[in-house]
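Observations on the model geometry
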Amino acid sequence: MKQEYTLQIIQGPLVTEKSSSATAKKQLVFKVARKATKEEIKEAVEQLLEVTVVAVNTINVKGKSKRFGQRSGYRKDFKKAYVSLDKSVDMEALLSEQA
């Protein structure tokens with residue numbers, strides 16, 4: 001997979017309270033392209049972080065409706081990917097490396 005396409009698939013880490021607790025289960029959470037498949041996400045994470053991916057679970061998150069004064073609008077829909085890593089991966093070293 002080309003490096004440019006890999007960077008388009010993984011849009012960035014998703015940092016929430018739930019994703020922080022997922023690191024105890026050897027999982028990372030990413031915001032990914034809406035058209036990306038589980039196989040593409042797996043290849044992209046393995047290529048970028050140089051780790052072994054066991055499984056990928058994806059969720060399509062619907063955008064919230066928000067009001068801006070009298071006008072109403074919507075936040076964008078996005079796709080979230082929970083990436084399960086191999087048990088041999090040291091999460092502390094991986095997370096300190098990325099920071």
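Residues numbered from 1 in each chain as written. Predicted model: local features only at pLDDT ≥ 70, side-chain atom pairs only at ≥ 80, totals over all residues. Heavy atoms only, no water.

As for helix α3 (residues 38-49)
For α3, spanning 12 residues, the distance from its first C-alpha to its last is 16 Å, which sits close to the expected 16 Å at 1.5 Å a residue. Every buried residue of α3 is accounted for by Ile41, Ala44, Val45 and Leu49. The buried side chains of α3 occupy one side of the element, clustering within an arc of 100° when seen end-on. Positive phi appears at Glu50, one or two residues downstream of α3, with a value of about 55°. (Helix = DSSP H or I, 4+ residues; strand = E, 2+ residues; numbered from the N terminus. Expected span 1.5 Å × (residues − 1). Buried < 20%, exposed > 50% of the residue type's maximum accessible area, 1.4 Å probe, protein only. Arc of directions from axis to C-beta.)

Digging into the sheet that holds strand β6 (residues 78-85)
With antiparallel pairing, four strands are arranged side by side in an open sheet as β1-β2-β6-β3. This sheet does not close on itself; its edge strands, each paired only once, are β1 (10-13) and β3 (53-61). Strand-to-strand twist across the sheet, computed as the mean angle between neighbouring axes with direction ignored, equals 30°. Seen against the sheet, α3 touches β1, β2 (27-32), β3 and β6 and runs at an angle of roughly 120° to β3. (Pairing = 2+ DSSP bridges. Axes fitted to C-alpha atoms, helices over the stretch in contact; angles between N-to-C directions. Contact = heavy atoms within 4.5 Å.)

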